[in-house]
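# Coordinates in review
Residue-level listing of the chains:
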Amino acid sequence: MGRRYGLGGPWVLRGVDLDLRPGTLVRVQGTNGSGKSTLLRLLAGIDAPTEGRVTGRPRTAYVPERFPAALPFSAAGYLTHLGRIQGLGPREAAAGAAEWLERFGAAAHARTPLGELSKGTSQKVAVAQALLAGPELLVLDEAWTGLDTAAREQLDLAVAERVTAGAAVVYVDHDPRRLAGAADAVFSVREGRLEERPAGPPSRGGGPPGRPARIVAVGPPGAPVPRGLPGDPEHSAGEDGSTVLTVADVYSDALLRALLTARPPWHIRQVAVAAATTAARPAESGTTT
Ligand SMILES: Nc1ncnc2c1ncn2[C@@H]1O[C@H](COP(=O)(O)OP(=O)(O)OP(=O)(O)O)[C@@H](O)[C@H]1O
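Attention in this report is confined to the structure presented alongside it. (Residues numbered from 1 in each chain as written. Predicted model: local features only at pLDDT ≥ 70, side-chain atom pairs only at ≥ 80, totals over all residues. Heavy atoms only, no water.)

### Re the nonpolar core
- If you look at the biggest cluster of nonpolar residues, it comprises 41 residues, and the most contacted ones within it are V125, L140, L155 and V159.
- At the level of secondary structure, the elements contributing two or more residues to this core comprise strand 4 (60-63), helix 2 (75-85), helix 3 (90-103), helix 4 (119-131), strand 5 (137-141), helix 5 (149-164) and strand 6 (168-172).
- For this core, the element with the highest residue contribution is helix 4, accounting for six residues.
- In this view, L140 contacts L40, V63, L155, V159, V169, V170, Y171 and V172; residues no more than four positions away in its chain are not counted. (Core = buried A, V, L, I, M, F, W, Y, C linked by side-chain atoms within 4.5 Å. Buried < 20%, exposed > 50% of the residue type's maximum accessible area, 1.4 Å probe, protein only. Helix = DSSP H or I, 4+ residues; strand = E, 2+ residues; numbered from the N terminus. Contact = heavy atoms within 4.5 Å.)

Have a look at this one:
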């Protein structure tokens, strides 16, 4: 497919052929103005290609780069409304709205009108609306921007949960470390074309190694730590039957994903990145809330 804006305008994308498979995490990268957002809008179905077509109709959710906050709703009211539009029942939609606001640390703003939310809280609402109905295709355009550390970690976790549940997740982020090592495929948009890059942990380029990540997880009763985990984490017994896993940060996303997708799955109790320790709500594998 291809896309250009206006009659006779330059092609922003041309000859793009991308197959998004269920249960995969796909990163899209490229320089400023290369066409990343254009591609994501086409995938999300909110823009149409100028030539070619997008096939398949998964239930899709999209977090745009800029969230239109000037709507006459409270945060919870807006999310409940969107949940209803996405096919949830009234109670399910209201419960989902409350749960995602809680997960992103925005429960205190449930009744705040959208127009009065801070930028960071608006972004939490933007992300929550996309996760609410358990989409089969989740498209995230710089969705982490503006979130605080705890909310960013929640979004990492939510992405892992969606992929585990069989969704395709496509994301763009300016930070090359975002979900590094967890992506199944990486594509660069360059001169209108899409080029596949090798996925996997990014090269550290001889720079300082990242601080280790510490993940507190609870396995099924009596289950040993699964073998062959990404990054070969060190592990020790934690409190209340938990296991504390320590791994180089480039592997933390892949490790989270491996734990969530283990059979039977492990539950993540806490993720600590660098020096900051943030409590994460226990996450269940395959949760589609
Ligand atoms: N609605 C539009 N009308 C006209 N031109 C557009 C429109 N949207 C994007 N473009 C142009 O298409 C090109 C690609 O833009 P796009 O926003 O997709 O790039 P990007 O890689 O996401 O950029 P950034 O990293 O700066 O967000 C740019 O030249 C941009 O000016």
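Text resumes after the structure shown.
### Quick word on the site of the ligand
- Close to the ligand lie Y5, V12, T31, N32, G33, S34, G35, K36, S37, T38, R41 and E65.
- One of the side-chain N or O atoms of Y5 is found 3.4 Å from a nitrogen atom in the ligand.
- Its free accessible area being 640 Å², the ligand has 56% of it covered by the protein chains.
- Looking at which element gives the most residues to the shell around the ligand, the answer is helix 1 (residues 36-44), with four residues.
- Here the residues of the shell around the ligand sort into two nonpolar, seven polar and three charged. (Near = heavy atom within 4 Å. Polar contact = N/O pair within 3.5 Å; in protein donor to acceptor, adjacent residues only side chain to side chain. Areas by Shrake-Rupley, 256 points an atom, 1.4 Å probe, with all protein chains shown as cover. Nonpolar A, V, L, I, M, F, W, Y, C, P; charged D, E, K, R; others polar.)

### Considerations on the sheet that holds strand 3 (residues 25-29)
- The mixed open sheet is built from six strands, whose spatial order is 4-5-6-3-7-8. The open sheet has two edge strands, strand 4 and strand 8 (193-197), and neither has a second partner. Between one strand axis and the next, the sheet turns through 20 degrees on average, direction left out of account.
- Here strand 7 (residues 185-190) pairs with strand 8 via five bridges, running antiparallel. Bridge pairing links V189 to L194 in strand 8.
- Packed on one face of the sheet, helix 1 meets strand 3, strand 4, strand 5, strand 6, strand 7 and strand 8 and runs near 155 degrees to strand 5. (Pairing = 2+ DSSP bridges. Axes fitted to C-alpha atoms, helices over the stretch in contact; angles between N-to-C directions.)

### What to know about unusual backbone geometry
- Unlike most non-glycine residues, E142 shows phi in positive territory, near 55 degrees.
- With respect to the helices and strands, the residue E142 is situated in the loop between strand 5 and helix 5.
- With relative accessibility at 14%, the residue E142 sits in the buried group.
- Residues other than glycine seldom take positive phi values, yet D232 does so here, at roughly 45 degrees.
- Mapped onto the elements of the fold, D232 is located in the loop between strand 9 (212-218) and strand 10 (234-237).

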